[in-house]
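Listed below, chain by chain, are the residues.
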Amino acid sequence: KIRGMITDMITKLEKAMGDGAAEKAYCDEEMSKTQEKVDRLQTGISKLTNKIDKSTARSAELKEQVTILQAELATMAKEQEEMDKVRKEEHEAYVVEQADLAKGLAGIRKALALLKDYYGSSAAALVQEDATADDSQPTPPAGHSKSGGAGGSIISILEVAEEDMAKELTKVETQEADEQAAYDETTQENKVTK
């Protein structure tokens with residue numbers, strides 16, 4: 001009976017040992033699979049952590065660039081506003097100066113036309129003739145001499161003034177055109193930069 005019990009016990013122990021060995025083999029197999037999965041996931045986590053770190057650094061760099069660019073845009077907007085104001089003032093001054101020069105030039109041309117019409121086209125016509133040539137003129141006094149061409153001098157002076165004023169008007173108009181072109185170019189560059 002004892003022998004039967006010992007044999008049953010040995011059989012139970014052998015069966016338990018076999019079951020334990022099978023369970024251990026199953027656990028070892030599952031542990032190795034789990035360890036591989038953990039290693040694979042750890043590698044994935046490391047890659048994602050590196051990617052997150054790089055993205056965070058890039059984000060910080062981009063935020064810094066955005067801050068710098070916003071400051072530059074603000075400065076550019078302020079400069080454009082100042083440039084607009086100066087350009088408006090310069091244009092207003094040009095309009096006044098151009099109108100004054102055009103009015104003055106028109107006045108000089110009208111005066112020249114009147115003087116040339118009155119005195120004739122040559123300066124010689126400005127010289128007084130002898131009384132014998134025109135009976136409607138009174139006889140000159142004894143101490144009187146012929147006019148030395150004062151009318152011709154006045155016309156010459158007005159012609160020089162007309163030429164100078166025309167040059168000044170052309171200069172003012174050219175300067176305005178150049179300043180407007182530079183302003184337009186800078187404004188366009190600012191728009192492109194923005």
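Check the entry above for the structure.
In what follows, the accompanying structure is described. What you see is a predicted model, and the numbers here were worked out from it, not measured in a lab.

### What about the overall build of the chain?
What the chain contains, in helices and strands, is 2 helices and 0 strands. Restricting to contacts in the chain with at least 6 residues of sequence separation, those with at least 24 account for 82%. As displayed, the chain offers around 15,800 Å² of accessible surface, 58% of which is attributable to carbon and sulfur atoms.

### Side note on the side chain of Arg87
Note on placement: Arg87 falls in helix 1 (residues 2–119). By relative accessible area, Arg87 is classed as buried at 6%. At a separation of 3.5 Å, a polar atom in the side chain of Arg87 contacts the side chain of Glu179.

### Remarks on a negative patch on the surface
Among the surface-exposed residues, Glu81, Glu82, Asp84, Glu89 and Glu92 lie close enough to one another that they form a single negatively charged patch. Tracing the backbone shows Glu82 in helix 1. With relative accessibility at 46%, the residue Glu82 sits in the partly exposed group.

### Let's talk about a nonpolar patch on the surface
Together, Ile2, Ile6 and Ile10 line one region of the surface with nonpolar side chains, adding up to about 290 Å² of accessible area. Checked against the element boundaries, Ile10 lands in helix 1. Assessed through its relative accessible area of 43%, Ile10 is described here as partly exposed.

### Digging into the pattern of salt bridges
Applying the stated rule across the entire model yields 10 salt bridges. Ionic pairing is found between Lys24 and Asp28, a salt bridge with its closest N-O pair at 3.0 Å. Of this pair, Lys24 and Asp28 both sit in helix 1, 4 residues apart, which is roughly one turn of the helix. Here Lys167 makes a salt bridge to Glu163, at a shortest N to O gap of 3.3 Å. A residue pair is termed a helical-turn pair when its members lie 3 or 4 positions apart in one helix, as Lys167 and Glu163 do in helix 2 (residues 150–193) at 4 residues. Classification of Glu163 as partly exposed rests on a relative accessible area of 44%. The structure contains a network of salt bridges with shared partners spanning Arg87, Glu90, Glu176 and Glu179.

Thresholds applied
Each chain has its residues counted from 1, running along the sequence as written. pLDDT decides what is reported in this predicted model: residues at 70 or higher carry local features, side-chain atom pairs at 80 or more are listed and counted, and totals for whole chains, interfaces and linings draw on all residues regardless. To obtain the side-chain values, all non-hydrogen atoms of the structure were used and water was disregarded. Only DSSP runs of H or I reaching four residues or more are called helices, and only runs of E reaching two or more are called strands; each is numbered from the N terminus. Contacts: residue pairs with any heavy atoms within 4.5 Å of one another. A 1.4 Å probe and the Shrake-Rupley method give the accessible areas. Residues count as covered only by the protein chains that appear here. For each residue, the accessible area found with a 1.4 Å probe, counting protein chains only, is set against the maximum for its type, and the residue is called buried under 20%, exposed over 50%, and partly exposed in between. Any pair of nitrogen or oxygen atoms within 3.5 Å is treated as a polar contact; in protein, a donor-acceptor pairing is required on top of that, and neighbouring residues in sequence qualify only through side-chain atoms on both sides. Exposure above 30% relative accessible area and the lack of any salt bridge qualify a residue for a patch; like charges then connect within 9 Å, and the nonpolar side chains Val, Leu, Ile, Met, Phe, Trp and Tyr within 5 Å. Counted as salt bridges are all cases of a side-chain nitrogen of Lys or Arg within 4 Å of a carboxyl oxygen of Asp or Glu. Here the positive residues are Lys and Arg and the negative ones are Asp and Glu; neither His nor the chain ends is included. Charge positions come from single atoms, namely NZ of Lys, CZ of Arg, CG of Asp or CD of Glu.

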